[in-house]
Amino acid sequence: MTNNNYFQQNFYSEYLKPEDKYVFLKAQPEFKFNVIGAGMIGMEHIRVTMLEGRAAINGVYDLDQSSAEWTKEAFEKEYDYELHLYNSLEEACFDPSVDGLIICTPNYTHLEVMKTAVQSGKHILLEKPMATTIPDVLAIQDLVKDYEGVFQIGLQYRHKPIYDEALHEVLHKKSLGEVKNISLMEHRVPFLDKVDQWNKFSKFSGGTLVEKCCHYFDLMNVVAGSKPVSVYASGSLAVNYQDFEYEGESSDVVDQAFVTVEYENGVKGNFNLCMFAPMFYEEMTVCGSKGRIKTYENDDFLPSSRANTHFEILTGENGTSKISTPMYPAIIQNSGHHGGTYYEHKYFVDNIKGDYKDTATLEEGLWSIVVGVAAEESIKNKAVINIEELLNQSKQAVE
Ligand SMILES: NC(=O)c1ccc[n+]([C@@H]2O[C@H](COP(=O)([O-])OP(=O)(O)OC[C@H]3O[C@@H](n4cnc5c(N)ncnc54)[C@H](O)[C@@H]3O)[C@@H](O)[C@H]2O)c1
């Protein structure tokens, strides 16, 4: 029986003898994971792993003493055993008592960390974006091409309730008929502070459209059900970080953009980004030959209450229509990224157990970055980027 968080959170059961517990029984973890890079998302991975319950976090490795020590202190306040701090990446990767590695270091370090991690043969959850450039992604592809362990990419937005519903309607029920166009939007607050402020610099992050927006390009690619052929983008650093300097350097990442993507099967996609809005808002519309979906997620920090998710599918006379507010149980919904990270972990453990789930693959990780890199190039060169040419250039760079 897996952990049932509802029973764990809502009832007192301490007075019961162990043999009298069935629904109150806390699942014993079957697997141990190490976290490499214990920053903001590293902490979220720790929390959801412990919440899901079939795996436990054994230890962390972080280059930064302050991240490592803070994480250990926070962990030991919450859970009843000691978190192991490793002294090197090798120690963390090759600990024989550990089954899986969750790699949460900054984007530009993923390839180097992966070179060591794959030698362990352990199951790997690698945070998005896989890398900052297409040649680095191709190098990672090479590292894991015959990998026997689970290799999963941290593109977990597809597991948020609104997108989970949309993907179910589009891909499984095929309620929209043939998809024709997809529009995605993210309006949010500026990039948050990071250790050494790596996300303010393209050389460390790959640029905003790779670092953050690979999530939306992944969704767009999956909904389109096809490969991108060309990308045109317009964007700039319009409002944020005008007086920001870190070690003498100004930020070079965009905070607004419009990106247009054409797919092989004729689907048209567009993405609209604004990172100086006082909220977290994301929206997707999908129009097909038989109907239209509109769905959004909204966290506006206001004291008034309104549902922060919305999903509607209108299919005219082609079938049923519905308007709803998709969500997970509160403890999961509030555990990070509207519950997306929790399900990413649940499915990571399912994949390890051989009960394979629809999680982001190596190839999907690659294509999400291809669109992001093309969009960054398009902004720099004010040109339409042909994806085949971009891939050929990247392959030549590797050879
Ligand atoms: N899937 C998501 O929704 C999501 C959300 C946030 C971040 N991320 C991704 O997770 C990664 C980390 O982001 P973050 O927000 O936690 O950043 P962060 O700066 O908060 O944390 C990164 C941590 O990695 C450590 N680190 C840096 N280089 C290292 C190395 N070589 N070895 C070990 N530790 C190292 C840093 O000291 C820091 O503690 C990035 O790739 C980011 O894009 C994904």
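The name an unreviewed UniProt entry assigns to the protein chain is Oxidoreductase, from the organism Marinococcus halophilus. According to the UniProt record, the Sequence similarities (unreviewed entry) comment for the protein chain is "Belongs to the Gfo/Idh/MocA family."

1. Concerning the packing of aromatic side chains
With the rule as written, the count across this model stands at 16 aromatic pairs. When the centroid spacing of 4.8 Å and the interplanar angle of 50° are considered together, the rings of phenylalanine 75 and tyrosine 79 count as tilted. Under the relative-accessibility criterion, phenylalanine 75 is labelled buried at 1%. Ring plane angle 75° and centroid distance 5.3 Å describe the contact between phenylalanine 75 and tyrosine 81, whose orientation is recorded as edge-to-face. Taken together, the ring pairs in this structure connect Tyr108, Phe201, Phe204, Tyr241 and Phe244 into an aromatic cluster. Stacked on the ring of tyrosine 157, the Lys or Arg lysine 160 has its end atom at 4.0 Å from the ring centre.

2. Brief notes about the packing of helix H2 (residues 40-52) against helix H12 (residues 340-352)
Remark: H2 packs on H12, axes separated minimally by 9 Å, with the N-to-C direction vectors making an angle of 60°. The orientation of H2 with respect to H12, classified from their angle, is oblique. Our pair here, H2 against H12, has a crossing hand that is right-handed. Residues Glu44, His45, Val48, Thr49, Leu51 and Glu52 of H2 form the contact with H12, whose participating residues are Thr341, Tyr342, Glu344, His345, Lys346 and Val349. Among the residues forming the contact of H2 with H12, the class breakdown is four nonpolar, four polar and four charged.

3. What about the sheet that holds strand S11 (residues 256-263)?
Spatially, S16-S15-S14-S13-S7-S12-S11-S8-S17 is the arrangement adopted by the nine strands of the open sheet, whose pairing is mixed. Each end of this open sheet is capped by a strand with a single partner; those strands are strand S16 (322-324) and strand S17 (385-386). Relative to S16, strand S15 (residues 309-314) runs antiparallel, the two being bridged by three bridges. When the sheet's bridge partners are listed, isoleucine 313 is paired in S16 with lysine 322. Against the sheet, helix H13 (residues 362-381) makes contact with strand S8 (228-236), S11 and S17, and its axis sits at roughly 50° relative to S8, the strand it touches most.

4. Here we look at the packing of helix H10 (residues 214-224) against H13
Relative to each other, H10 and H13 sit at 115°, their axes nearing to 8 Å. Of the possible angle classes, the one that applies to H10 and H13 is roughly perpendicular. Where H10 crosses over H13, the two elements pack in a sense that is right-handed. Two secondary-structure elements touch here, H10 through Cys214, Phe217, Asp218, Asn221 and Val222 and H13 through Glu364, Trp367, Ser368, Val371 and Gly372. Of the residues contributing to the contact of H10 with H13, the split by class is five nonpolar, three polar and two charged.

5. Let's talk about the UniProt feature "domain: Gfo/Idh/MocA-like oxidoreductase C-terminal" (unreviewed entry) in the protein chain
If you check UniProt for "domain: Gfo/Idh/MocA-like oxidoreductase C-terminal" (unreviewed entry), the listed places come out as residues 171-386 in our numbering. Segment residues 171-386 splits into 27% helix and 31% strand. End C-alpha atoms: 27 Å apart.

6. Notes on the state of the cysteines
In protein chemistry, a disulfide is the covalent bond that joins the sulfur atoms of two cysteines. For the structure shown, the criterion picks out zero disulfides. The thiol sulfur of cysteine 213 is not disulfide-bonded, and the nearest other cysteine sulfur, from cysteine 214, lies at 7.8 Å. On the accessibility criterion, cysteine 213 (0% relative accessible area) is buried. The thiol of cysteine 274 is not disulfide-bonded; the next cysteine sulfur, from cysteine 213, is found 12 Å away.

What counts, and at which threshold
- Residues numbered from 1 in each chain as written.
- Predicted model: local features only at pLDDT ≥ 70, side-chain atom pairs only at ≥ 80, totals over all residues.
- Heavy atoms only, no water.
- UniProt positions renumbered as here; feature names shortened; annotations may be inferred.
- Phe/Tyr/Trp six-rings, centres within 6.5 Å; stacked < 30°, edge-to-face > 60°.
- Buried < 20%, exposed > 50% of the residue type's maximum accessible area, 1.4 Å probe, protein only.
- Lys NZ or Arg CZ within 6 Å of the ring centre and 35° of its normal.
- Axes fitted to C-alpha atoms, helices over the stretch in contact; angles between N-to-C directions.
- Helix = DSSP H or I, 4+ residues; strand = E, 2+ residues; numbered from the N terminus.
- Parallel < 35°, antiparallel > 145°, perpendicular 65-115°, else oblique.
- Left-handed = near helix turned anticlockwise from the far one by under 90°.
- Contact = heavy atoms within 4.5 Å.
- Nonpolar A, V, L, I, M, F, W, Y, C, P; charged D, E, K, R; others polar.
- Pairing = 2+ DSSP bridges.
- Disulfide = S-S within 2.5 Å.

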